[in-house]
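Structural characterization, general
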Amino acid sequence: MKELEKISAQLIRDLCSCRDCRDEISGQRMRSVMDLSPELLVLDVAATSSGFRFTLNDKHEVELQRDTIEEILEGFSDINWRSEASKVLWDRDHAPRTVFHWSDIQEDSHDLYQLLDQLLVYGFALVENLPVRDRAVIDLIHRFGYERVTNYGDIFDVRVENNPNNLAFTNLAIAPHTDNPYRDPVPTIQALHCLESSVTGGNSGLVDGFRAAHLLREENPDAFDILSNSLFNFEYRNPTTYLSASAPIIKVDVTGEIIEVRWNDRSMQAPISEIQVDIVYDALRSFAILVNDARNCHTFKLNTGDCVIFDNTRTLHARTAFDSGGKRHLQGAYADLDSAISKHAILEEMLEA
Ligand SMILES: [Fe+2]
Ligand SMILES: [Zn+2]
């Protein structure tokens, strides 16, 4: 009981779930912080069968469950799926090799949960046997969420084009990068489905950007500070589109945890506004060396029917050059992490029940 005296009367009042305070159906709060008085006091506490009843000096009685009291006293906070604190970092030798099968994740299942869990914890997952047809990548995204439509459309084709408006649509090698850093907000998930692959080369690579950032913080904290505390500009232009966004290369949250990496040689603008620009280039180069180190890159061949799905705020993707003899056709789509996190939570509850 002595412990309960530590709990703020305003917090207790705010947590009240009676009909006057919370909507019964939605659970949404029906009062504002302006209704909370700094003069609130707890006058009396009584044990109930499931927790405690607090009587306040505004004559309101608030019942709190024992679980809620424990969470308050322990300083509980929900897992943040965007933070490095919820991740397992990997290099070439420690990237997960699990392959998921489309037939197993077509319905709400343990396999779909495992796929989303790997996407959230490791930043990518590989699915095989996704039907080789137009727009099948959208069917995969609809297992947990919604496609994000951009100026590229709801899907985009990655294949060799004449007069390509993006180097992705050539047979050149593409260094590890995150997509669409010139967008605000960036698409937080990307899926790439292989519809045709008969080329030599054109291997796919994935790099854990959080691990690269983590290594930079250990090896070169000054460079980490520059990349996380300066704004870099990213741009994309064509005759009908002019996208531009400014962001740190490495974003950290208020507790200093890494929560996002934005990296793309093709669309990052020269840091013209930086006064000590040579120091900035040193920092960028230090990070680039980690990002491009083959020991950090999980390399594999996407075969026809394979689909790789990854966290575009963490996992950088790359491909090697390929010969122009055969054909290589990927179809991609963007989606967002919030719905993947939601589906993961709902499936977790369902599977526990
Ligand atoms: Fe890309
Ligand atoms: Zn109430």
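The shown structure was predicted, so the numbers you read here are calculated from the model rather than taken from an experiment.

The number of helices and strands found in the chain is 9 helices and 17 strands. If one aligns the C-alpha atoms of the chain with their principal axes, the spans along those axes are about 80 × 55 × 45 Å. For the chain, the residues scored as buried account for 47% of the 353 residues in total. In the form shown here, the chain has an accessible surface area of approximately 18,200 Å², with 49% of it arising from carbon and sulfur atoms. In the chain, 34 side chains carry a positive charge and 57 a negative one; their mean positions are 3 Å apart.

Distances from the zinc ion (ligand 2) to its protein donors, namely Cys16 (SG), Cys18 (SG), Cys21 (SG) and His60 (NE2), fall within the range 2.1 to 2.3 Å. Between the 4 donor atoms coordinating the zinc ion (ligand 2), the angles at the centre fall across 106 to 113°, so the site counts as tetrahedral. Each donor residue of the zinc ion (ligand 2) lies on one chain, and together they are spaced C-x1-C-x2-C-x38-H. Of the two residues, Cys18 sits in the loop between α1 (9-14) and β1 (42-47) while His60 sits in the loop between β2 (51-56) and β3 (61-65), which places them 42 residues apart along the sequence.

It is worth spelling out the side chain of Arg262 at this point. With respect to the helices and strands, the residue Arg262 is situated in the loop between β13 (258-261) and α8 (277-291). Among all residues touching Arg262, those that are not within four sequence positions of it are Thr178, Pro181, Arg183, Val186, Phe234, Ala245, Ala247, Pro248, Ile249 and Lys251.

What follows is about a negative patch on the surface. A cluster of acidic residues, Asp67, Glu70, Glu71, Glu74 and Asp78, forms a negative patch on the protein surface. Inspection of the secondary structure puts Glu70 in helix α2 (residues 66-74).

The terminal C-alpha atoms of helix α9 (residues 337-352) lie 22 Å apart, and with 16 residues this matches the ideal 22 Å at 1.5 Å per residue to within 8%. Considered for burial, the residues of α9 that qualify are Leu337, Ser339, Ala340, Lys343, His344 and Leu347. Buried residues along α9 cover an arc of 155° about the axis, so they all sit on one side. In α9, the exposed positions that point more than 90 degrees away from the buried face belong to Asp338, Glu349 and Glu352.

According to the domain assignment, the chain contains domain 1 (2-74) and domain 2 (84-352). Between domain 1 and domain 2, the C-alpha centre-to-centre distance is 44 Å.

Bringing the packing of aromatic side chains into the picture now. Counted according to the given criterion, the structure contains 6 aromatic pairs. Here the aromatic rings of Tyr152 and Tyr236 are separated by 5.7 Å at their centres, their planes lie at 65°, and the arrangement is edge-to-face. With Tyr152 in the loop between α5 (136-141) and β6 (156-158) and Tyr236 in strand β10 (residues 232-238), the pair connects residues that are 84 residues apart, well separated along the chain. Among the residues examined, Tyr152 registers a relative accessible area of 18% and is labelled buried. Three or more aromatic residues joined by ring pairs make a cluster, and in this case those are Tyr152, Phe156, Tyr182, Tyr236 and Tyr334. The ring centre of Tyr242 lies 3.9 Å from the NZ or CZ of Arg237, which sits over that ring.

The next subject is the nonpolar core. The biggest cluster of nonpolar side chains holds 46 residues, and the ones touching the most others in it are Leu216, Leu227, Ile249, Ile250, Trp263, Phe287 and Val308. For this core, the element with the most residues is α8, which contributes 6 residues. Ile105, Ile189, Cys307 and Ala333 belong to the second largest nonpolar core, which has 30 residues in total.

Per the stated rule, a full pass over the model turns up 21 salt bridges. Taking the shortest distance from any N to any O, the salt bridge between Asp336 and Arg148 comes out at 2.9 Å. Here the residue Asp336 occupies a position in the loop between β17 (328-335) and α9, and Arg148 occupies one in the loop between α5 and β6, the gap between them amounting to 188 residues. You can call Asp336 buried: its relative accessible area is 17%. Looking at Arg148, the relative accessible area reads 18%, which means it is buried. Notably, a salt bridge pairs Asp293 with Arg295, separated by 2.7 Å at the nearest N-O pair. According to the relative accessible area criterion, Arg295 is exposed, its value standing at 56%.

What counts as what
Residues numbered from 1 in each chain as written. Chains lettered and ligands numbered in written order. Predicted model: local features only at pLDDT ≥ 70, side-chain atom pairs only at ≥ 80, totals over all residues. Heavy atoms only, no water. Helix = DSSP H or I, 4+ residues; strand = E, 2+ residues; numbered from the N terminus. Buried < 20%, exposed > 50% of the residue type's maximum accessible area, 1.4 Å probe, protein only. Areas by Shrake-Rupley, 256 points an atom, 1.4 Å probe, with all protein chains shown as cover. Lys, Arg positive; Asp, Glu negative; His and termini not counted. Charge placed at Lys NZ, Arg CZ, Asp CG, Glu CD. Donors = N, O, S within 2.8 Å, 3.2 Å for Na, K, Ca; no water. Tetrahedral: all angles 85-135°; square planar, octahedral: opposite > 155°, others 65-115°. Contact = heavy atoms within 4.5 Å. Patch = residues over 30% accessible without salt bridge, like charges linked within 9 Å, V, L, I, M, F, W, Y side chains within 5 Å. Salt bridge = Lys/Arg side-chain N within 4 Å of Asp/Glu carboxyl O. Expected span 1.5 Å × (residues − 1). Arc of directions from axis to C-beta. Domains from an automatic or database assignment. Phe/Tyr/Trp six-rings, centres within 6.5 Å; stacked < 30°, edge-to-face > 60°. Lys NZ or Arg CZ within 6 Å of the ring centre and 35° of its normal. Core = buried A, V, L, I, M, F, W, Y, C linked by side-chain atoms within 4.5 Å.

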